[in-house]
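As a plain string of letters, each chain reads:
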Amino acid sequence: MLTTAAIASLLTVATAHQNFHQFWVDGVSPGYQVGIRMPPSNSPVTDVTSNDIVCNVNGAKVPSGVATVEAKEGSTIKVQWDQSTHPGPITHMLYGPVDDASKATGIGAGWIKIDEQDYVDGKWANEIMSAADMTRTFTLPKGLASGEYLLRSEMLALHAAQTMDGAQFYIGCAQLKITGTGSTNCSPKITLPGAYKASDSNIYIPNFYNGFNAQNYKAPGGPVATCAAGGGAGGSNPQPAPTSTAEPTSTAAQQTTLTTKASTSAASGPSPAPGGVALYGQCGGTGYTGETNCVSGAKCAKQNDYYSQCIPA
């Protein structure tokens, strides 16, 4: 159960909007933002009925113009996100196989969940990732059919989940060409949009700051899938990748990643944009000591006693 002190610690945060920027396949990265459908901003998706819930804003525009990266069933995948201290889980899903991932929108049926990390030993996934350079490592299922796939990485921020449509979904889709030995017989299947409802108990949590037991929390999308030839999918506790793979593959990628993180490292509150806190940044709440004025066109709105956020005016 979350204590008041834990809540204050979680909510005394920097601007926590984020994107999925880089990934590694068996310790090798194609490069910074290579193979990923990058959205136009780092703002969240909050409408779970929108097509944006699939691969984020503009994620369904095809051909995508994004490179497709080779992998194989059982490959170790490591993803790296921007820093975030907003509490919540991370999940990974696959869509496919398809002939050409660059032409797949991902809208509709055919997704499977292959990885999930929720609340473990008193820490949400974002906090666990923060201690690992904002990375999450898992394995692709064995028993996959050969073909091209979309890999969907989702971080769900629950700091405002006590209000309907307050949960914030941060999503990025990568394109993979997977060599497998199985069939398409992985289940259960997931439909996006459709699998999430705004009223779901793991999305709308009215008592998030008052009696909510995070130990029992499971992320949206149902259970991790099972594939016919390989038992369970990647799962939530894979073996970590070799430590040497934590570094970006080029100096340029490393510098870009470090620059991204440096901009979100302040602990006392969001670094204000010119004129105030940026849209969706924190602007108040119990224990908060940062900037309270929002940029032009936004207003500071109380979400609960512990968190106020800049929203469109």
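Bear in mind that the values here come from a model prediction, so they are computed numbers and not experimental data. (Residues numbered from 1 in each chain as written. Predicted model: local features only at pLDDT ≥ 70, side-chain atom pairs only at ≥ 80, totals over all residues. Heavy atoms only, no water.)

Participant: In this structure, what is going on with the overall build of the chain? I would like to understand it.
Facilitator: When you go through the chain residue by residue, the secondary structure sums to four helices and 18 strands. With an accessible surface of roughly 12600 Å², the chain has 50% of that area assigned to carbon and sulfur atoms. (Helix = DSSP H or I, 4+ residues; strand = E, 2+ residues; numbered from the N terminus. Areas by Shrake-Rupley, 256 points an atom, 1.4 Å probe, with all protein chains shown as cover.)

Participant: Help me understand the pattern of salt bridges, please; the structure alone is not making it clear to me.
Facilitator: Considering all chains together, one arrives at four salt bridges under this definition. A salt bridge links Glu116 to Lys113; the nearest nitrogen and oxygen atoms lie 2.9 Å apart. Note that Arg152 is salt-bridged to Glu154, the shortest N-O span being 2.7 Å. Of the two residues, Arg152 and Glu154, neither departs from the other in class, the shared state being buried. (Salt bridge = Lys/Arg side-chain N within 4 Å of Asp/Glu carboxyl O. Buried < 20%, exposed > 50% of the residue type's maximum accessible area, 1.4 Å probe, protein only.)

Participant: Is there a simple way to explain empty space enclosed by the protein in this structure?
Facilitator: To find leftover empty space, one rolls a probe the size of a water molecule over the atoms. Using the criterion set out here, one finds three cavities of 30 Å³ or more in the structure. Here the largest cavity is characterised by a volume of approximately 70 Å³. Along the wall of the largest cavity there are 13 residues; nearest its centre are Gly96, Pro97, Ile112, Tyr149 and Cys186. If you list the elements that add at least two residues to the lining of the largest cavity, you get β5 (90-98) and β6 (108-117). Of the residues forming the lining of the largest cavity, the biggest block, four residues, is contributed by β5. Across the lining of the largest cavity, the residue classes break down as eight nonpolar, four polar and one charged. (1 Å grid on protein atoms, 1.4 Å probe; cavity = no way out; pocket = protein on both sides within 12 Å on 5 of 7 lines; lining within 4 Å. Points joined across faces, edges and corners; volume = space filled by probe spheres on them. Nonpolar A, V, L, I, M, F, W, Y, C, P; charged D, E, K, R; others polar.)

Participant: Can you walk me through the sheet that holds strand β4 (residues 76-81) in this structure?
Facilitator: Sheet strands associate in pairs through backbone hydrogen bonding, adopting either a parallel or an antiparallel arrangement. Spatial strand order, β1-β4-β9: three strands in an open sheet with antiparallel pairing. Unpaired on one side and paired on the other, β1 (20-25) and β9 (135-139) mark the two borders of the sheet. Sheet twist, expressed as the mean angle between neighbouring strand axes with direction ignored, is 20°. As defined by bridge partners, β4 adjoins β9 across five bridges and the pair is classed as antiparallel. Paired with Gln80 across the two strands is Thr135, which belongs to β9. (Pairing = 2+ DSSP bridges. Axes fitted to C-alpha atoms, helices over the stretch in contact; angles between N-to-C directions.)

Participant: I keep staring at the pairing of β1 and nothing clicks. Help me out?
Facilitator: Among the six residues in β1, six count as buried, and that is most of the element. Bridge count for β1 against β4 is five bridges, and the pairing is antiparallel. In the sheet register, Gln22 faces β4, and the bridge partner there is Gln80.

Participant: Any chance you could explain the confidence of the model for the chain here in plain terms?
Facilitator: Should pLDDT be low for a region, the predicted coordinates there are not to be read in detail. Chain-level pLDDT for the chain is 82 on average; 77% of the residues reach the 70-or-more range. Low confidence marks residues 235-273, where pLDDT is under 50. Its contacts with residues over four positions away, or in another chain, come to 74 contacts. (pLDDT = per-residue confidence, 0-100. Contact = heavy atoms within 4.5 Å.)

Participant: What am I meant to see in the state of the cysteines here?
Facilitator: Should the sulfur atoms of two cysteines be covalently bonded, the bond is a disulfide. Using the criterion set out here, one finds three disulfides in the structure. In this model, Cys186 is linked to Cys227 through a disulfide, with the two sulfur atoms separated by 2.1 Å. Every disulfide takes its handedness from the sign of the S-S torsion; for Cys186 and Cys227 that torsion is 110°, giving right-handed. Residue Cys186 is located in strand β12 (residues 186-187), and its partner Cys227 is located in strand β14 (residues 226-227); the two are separated by 41 residues in the primary sequence. We note that Cys186, like Cys227, is buried. (Disulfide = S-S within 2.5 Å.)

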